[in-house]
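# Structural characterization, general
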Amino acid sequence: MNTDELSGALLWPRSVALVGASDDPAKTSSRPLRYLRASGFAGRVYPVNPRREQVGGERAWPSLAALPEVPDHVYVMTGAEQAIEAVGECGRLGVPVATVLASGFGEEGEQGREREARLRAAAGPTRVLGPSSLGVVNPRNGMLLTANAAFAETDLAPGGVFVASHSGSVIGALVSRGKQRGISFAGLVSTGGEANLSLGEICLSTVDDEGIGSYALFLESLHHSEQLAEFALAAAERGKPVVVYKLGRSAQGAQLSVSHTGALAGSDEEADAFFRACGMSRVDNLEALIEAPALLERVPAGTSAKDFSVAVLTTTGGGAALIVDQLGLRGIEVRAPSAPLLKRIQALGAPVTDSIVMDLTLAGAKHEIVSGTLDELQRSGEFDLVVMVVGSSARFHPELAVRAVAERAGGPTPLAAFAVPDAPQALAALAEAGVPAFRTPEAIVEAITAAAARPATPAYRPSTRRGAHGTRKVLDELGSYRVLEKVGIAAQPGVEVSVDDVRGGRIPGGLPYPVAVKVLSAEIAHKTDAGGVVLGVSGEHELVEAARAIADAVGRCGGSAERLLVTEMAPSGVDALVGYRVSDEVGPLIMVAAGGVTAELYRDSSLRLAPVDLATAHEMIREVKGLAPVVGYRGSHGDADALAAAIVALSTLAESAPAVLEAEVNPLRVFGPGEGVTALDALVCVTEHD
């Protein structure tokens with residue numbers, strides 16, 4: 001089934017069947033028939049219920065096979081086991097799409113996973129939406145094939161935002177909020193458990209739909225990230241922004257990780273890196289999820305946050321300050337008008353001053369002043385966005401407060417509005433006029449931040465690597481260096497010795513004292529924590545003492561120290577941590593952080609999907625506060641080019657070494673300009689097939 005056929009069966013079916021349709025209005029399974037009839041769906045609808053002759057006053061059919069045609073879309077509203085049977089019948093008949101309402105599948109442990117496998121097998125050529133799907137809604141043709149109680153009010157005006165959600169109940173919340181704000185939708189799909197059809201596949205099938213201008217996604221996981229990325233890239237090519245709200249902001253590290261990288265780059269950081277690479281905009285609240293798409297549709301992609309300029313015009317200084325403060329924290333500049341522009345605005349009678357907040361005060365009640373000021377700001381070419389903040393008049397005199405703003409919706413510079421009090425009538429009027437309107441300062445700031453950060457071209461590169469398949473094996477430090485050497489990262493020269501030899505006085509000659517002495521064991525990932533490192537050893541006697549101290553300390557931790565690595569002490573410099581690992585959900589990742597034993601404590605890091613290029617590596621370095629001395633801070637300066645080259649080199653493990661699950665250099669010593677970098681410790685984890 002190609003994407004057009006999938007989209008047609010999902011959103012534009014000519015006929016639908018309702019398996020398990022109930023005649024009892026109190027039951028969930030009675031809703032779809034009522035909704036379809038109330039919304040004026042023009043397609044053919046077949047209630048299927050073998051125990052009734054009629055449902056909702058219409059003929060009920062005993063089975064799908066008894067229907068006069070093969071329906072385009074079947075909504076299965078039975079229990080889990082009966083749903084498998086119904087989906088099997090869909091597969092035998094050649095039904096294009098079946099939606100399954102029932103739960104009791106993959107979310108219910110081993111038994112549920114077995115049931116889900118049987119559901120997939122039964123489907124055959126039929127694509128299955130769900131299970132646990134509350135259905136599909138297309139307001140443009142009255143196709144309310146849903147059991148969601150939120151659609152009992154079927155006066156749903158069509159709009160341009162397509163919503164796809166893992167959660168059906170969230171769709172209900174978005175619909176109710178949208179009605180309050182005058183925001184309408186092009187389609188809404190509850191994807192449920194994604195046993196067969198993924199959210200990314202569904203959205204991909206709609207990207208060429210001219211009635212869809214943007215996407216709002218509610219995600220609970222990234223289990224099908226490859227398909228989601230394919231959709232996001234296609235949407236970006238067509239200039240259709242994608243806004244995402246994802247659960248999982250908690251600090252949850254990778255449970256199987258043995259490196260600092262895993263602890264610093266937990267599931268939420270992974271998601272951020274994935275969304276950034278795919279050109280999707282992540283927001284933190286549901287208000288922004290439905291309000292941001294309208295703004296992103298109007299602001300061209302490709303302007304970096306540091307170059308993005310915002311003008312703020314207001315009738316209430318306090319309300320504007322809420323936005324200005326939050327934008328400043330995100331590095332987005334709210335700019336005052338230039339002197340010539342300020343003079344032109346003042347000539348209109350606007351009492352504004354040379355300030356980043358242009359406060360109209362009482363003049364904000366005069367239509368000609370508001371309209372003229374907005375016109376000057378939008379035509380000036382000085383701003384990427386003009387924001388109008390409306391005070392109490394938005395609630396008590398909406399017809400006056402928003403008229404001038406609504407009239408400027410099509411101005412040359414995009415315009416957005418924020419109402420300080422709760423003013424649903426004003427917001428709805430603005431949205432209807434085509435002005436992105438926001439109810440809370442948090443939502444408008446998140447939307448502006450998303451607009452400023454949206455890349456012109458997403459950086460995502462497809463990768464099939466996902467987590468471990470086989471036996472995980474941690475290499476010792478020397479083995480790890482051999483992996484790093486293959487990608488071009490040099491380590492401090494070292495010599496392997498045995499603890500017994502050192503204790504017995506059999507010490508290699510020519511050691512470059514002072515030296516660093518470290519336990520050499522694949523079983524000890526964090527040597528410092530186990531007391532397995534002694535630095536600045538200046539001679540043979542101290543080397544013997546260091547060997548004894550390391551053996552004793554490691555033994556107290558339950559380990560064994562049989563071998564040592566003796567390396568030359570490195571010159572001073574700035575320590576960085578560069579880490580690579582493969583995520584189960586999003587694939588290869590590369591990270592840079594300030595190095596040393598406190599890396600996890602400060603959680604000061606930058607993460608991207610791997611591999612990366614040099615420009616991205618330099619961007620990552622600048623994002624880490626602890627690496628400021630490398631790029632230049634109070635006279636200090638390091639070899640940022642060498643550090644960036646090392647980041648790129650380690651990131652190529654995503655392409656050149658499929659067995660590597662984790663690789664971390666910590667610390668990577670960064671010397672002065674032109675002096676390079678060297679690995680002072682490393683840890684690599686590979687997978688070996690059983």
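Since the structure is predicted, the reported quantities are computational estimates derived from the model, not experimental observations.

Quick look at the pattern of salt bridges now. This model, assessed by the stated rule, comprises 39 salt bridges. Taking the shortest distance from any N to any O, the salt bridge between E58 and R37 comes out at 2.7 Å. A residue pair is termed long-range when its members are at least 10 positions apart, and E58 in strand β4 (residues 58-59) and R37 in helix α2 (residues 31-39) qualify at 21 residues. On the basis of relative accessibility, which here comes to 37%, the residue R37 falls in the partly exposed class. Close ionic contact of R118 with E81 constitutes a salt bridge, the shortest N to O distance being 2.7 Å. Residue R118 is found in helix α4 (residues 109-123), and its partner E81 is found in helix α3 (residues 80-93); the two are separated by 37 residues along the sequence.

Let us now look at the environment of L156. By the secondary structure assignment, L156 is in the loop between β9 (143-146) and β10 (158-165). Given the relative accessible area of 13%, L156 is considered buried. Linking L156 and V175, residues 19 residues apart in sequence, is a C-alpha distance of 8.7 Å. Not counting residues up to four positions away in its chain, the partners in contact with L156 are V137, P139, F151, V175, K179 and L188.

Before going further, it helps to examine the packing of aromatic side chains. Counted according to the given criterion, the structure contains six aromatic pairs. Ring geometry for Y46 against W61: centres 6.0 Å apart, planes inclined by 80 degrees, an arrangement best described as edge-to-face. In this pair, Y46 is assigned in strand β2 (residues 44-48) and W61 in the loop between β4 and β5 (73-76), connecting sequence segments 15 residues apart. Of the two residues, Y46 and W61, both sit in the buried class. Here the aromatic rings of F162 and Y215 are separated by 5.8 Å at their centres, their planes lie at 65 degrees, and the arrangement is edge-to-face. Of this pair, F162 sits in strand β10 while Y215 sits in strand β12 (residues 214-219), and the two are 53 residues apart along the sequence. Here Y215 falls in the buried class, since its relative accessible area comes to 0%. Directly above the aromatic system of W61 lies the positively charged group of R59, at a separation of 3.5 Å from the ring centroid.

Our next topic: the sheet that holds β2. Sheets are built from strands that pair by backbone hydrogen bonding, the pairs being arranged parallel or antiparallel. Taking strand neighbours across the sheet as the criterion, the five strands line up as β2-β1-β5-β6-β7 in an open arrangement whose pairing is parallel. This sheet does not close on itself; its edge strands, each paired only once, are β2 and β7 (127-129). Taken over all neighbouring pairs, the strand axes of this sheet differ in orientation by 20 degrees on average, direction set aside. In terms of strand pairing, strand β1 (residues 15-19) meets β5 through four bridges, oriented parallel. Residue pairing in the sheet places V16 in a bridge with H73 of β5. Lying over the sheet, helix α1 (residues 3-11) contacts β5, β6 (97-100) and β7, oriented at roughly 50 degrees with respect to β6.

Now for helix α12 (residues 339-347). The complete set of buried residues in α12 reads L341, L342 and I345. Burial along α12 is one-sided: seen end-on, the buried residues are contained in an arc of 100 degrees. Away from the buried face of α12 by more than 90 degrees, exposed residues A339, P340, K343 and A347 are located. Packed against the buried residues of α12 are β17 (357-359) and α13 (367-379). Positive backbone phi, at 100 degrees, marks G349, one or two positions downstream of α12.

Each neighbour pair has its own omega, and for Y513 with P514 the value is -5 degrees, a cis peptide bond. Positionally, P514 belongs in the loop between α20 (499-503) and β23 (515-519). Of note, the amide linkage connecting N666 to P667 takes the cis form, showing an omega dihedral of 5 degrees. With respect to the helices, strands and loops of the structure, P667 is situated in strand β29 (residues 660-670). Positive phi values are uncommon outside glycine, yet E194 reaches one of about 50 degrees.

Once that is clear, we can look at the side chain of D604. Looking at the secondary structure, you find D604 in the loop between α22 (599-602) and β28 (605-609). Buried D604, no salt bridge; nearest opposite-charge side chain is K625, N-O distance 5.2 Å. In terms of polar contacts, D604 uses its side chain to reach the backbone amide nitrogen of K625, at 3.1 Å. There is a polar contact of 2.7 Å between the side chain of D604 and the backbone nitrogen of G626. Not counting residues up to four positions away in its chain, the partners in contact with D604 are V592, A593, A594, E623, V624, K625 and G626.

With that settled, consider the side chain of D268. Positionally, D268 belongs in helix α9 (residues 267-278). On the basis of relative accessible area, D268 is assigned to the buried category, the value being 6%. Looking at D268, its side chain comes within polar contact range of the side chain of R282, at 2.6 Å.

Our focus in this paragraph is the sheet that holds strand β14 (residues 281-282). One open sheet holds the seven strands; their spatial order is β9-β8-β11-β10-β12-β13-β14, and the pairing between them is mixed. A single partner strand is all that each edge strand has here, and the edge strands are β9 and β14. By the bridge criterion, three bridges tie strand β8 (residues 135-138) to strand β11 (residues 185-190) in an arrangement that is antiparallel. Within β11, the residue paired with V136 across the bridge is V189. Across the sheet, helix α7 (residues 225-237) is in contact with β12 and β13 (242-246); its angle to β12 comes to roughly 160 degrees.

Their axes nearest at 10 Å, the elements helix α11 (residues 317-329) and helix α18 (residues 441-453) cross at an angle of 40 degrees. By the angle class used here, α11 and α18 are oblique. The crossing of α11 and α18 is right-handed. Between α11 and α18, the contacting residues are L322, I323, Q326 and L327 on the first element and P441, I444, V445, I448 and T449 on the second. Counted by class, the contact of α11 with α18 contains seven nonpolar, two polar and no charged residues.

The next thing to look at is the environment of V665. Along the chain, V665 falls in strand β29. A C-alpha to C-alpha distance of 63 Å links V665 and G349, two positions 316 residues apart in sequence. In this structure, V665 is in contact with L484, A576, L577, V578, A679, D681 and A682, ignoring residues within four places of it in sequence.

Attention now goes to helix α25 (residues 640-651). For α25, which comprises 12 residues, the first-to-last C-alpha distance of 16 Å matches the rise-based estimate of 16 Å (1.5 Å per residue) to within 8%. Of all 12 residues making up α25, 10 are buried, and the element is well covered by its neighbours. For α25, the complete set of buried residues consists of A640, A642, L643, A644, A646, I647, V648, A649, L650 and S651.

Right, let's get into the confidence of the model for the protein chain. Looking at the protein chain as a whole, its pLDDT mean stands at 90, while 94% of the residues score no less than 70. Note on residues 251-263: pLDDT is under 50 here. Beyond four places in sequence and across chains, it has 37 contacts.

In this section: the pairing of β12. Among the six residues of β12, six are classified as buried, and the element is accordingly described as predominantly covered. Burial along β12 is two-sided: S214, A216 and F218 facing one way and Y215, L217 and L219 facing the other are all buried. Note that β10 and β12 share five bridges and pair parallel. Bridging across to β12, A164 finds its partner in L217.

Thresholds, definitions, all that
- Residues numbered from 1 in each chain as written.
- Predicted model: local features only at pLDDT ≥ 70, side-chain atom pairs only at ≥ 80, totals over all residues.
- Heavy atoms only, no water.
- Salt bridge = Lys/Arg side-chain N within 4 Å of Asp/Glu carboxyl O.
- Helix = DSSP H or I, 4+ residues; strand = E, 2+ residues; numbered from the N terminus.
- Buried < 20%, exposed > 50% of the residue type's maximum accessible area, 1.4 Å probe, protein only.
- Contact = heavy atoms within 4.5 Å.
- Phe/Tyr/Trp six-rings, centres within 6.5 Å; stacked < 30°, edge-to-face > 60°.
- Lys NZ or Arg CZ within 6 Å of the ring centre and 35° of its normal.
- Pairing = 2+ DSSP bridges.
- Axes fitted to C-alpha atoms, helices over the stretch in contact; angles between N-to-C directions.
- Arc of directions from axis to C-beta.
- Lys, Arg positive; Asp, Glu negative; His and termini not counted.
- Polar contact = N/O pair within 3.5 Å; in protein donor to acceptor, adjacent residues only side chain to side chain.
- Parallel < 35°, antiparallel > 145°, perpendicular 65-115°, else oblique.
- Left-handed = near helix turned anticlockwise from the far one by under 90°.
- Nonpolar A, V, L, I, M, F, W, Y, C, P; charged D, E, K, R; others polar.
- Expected span 1.5 Å × (residues − 1).
- pLDDT = per-residue confidence, 0-100.

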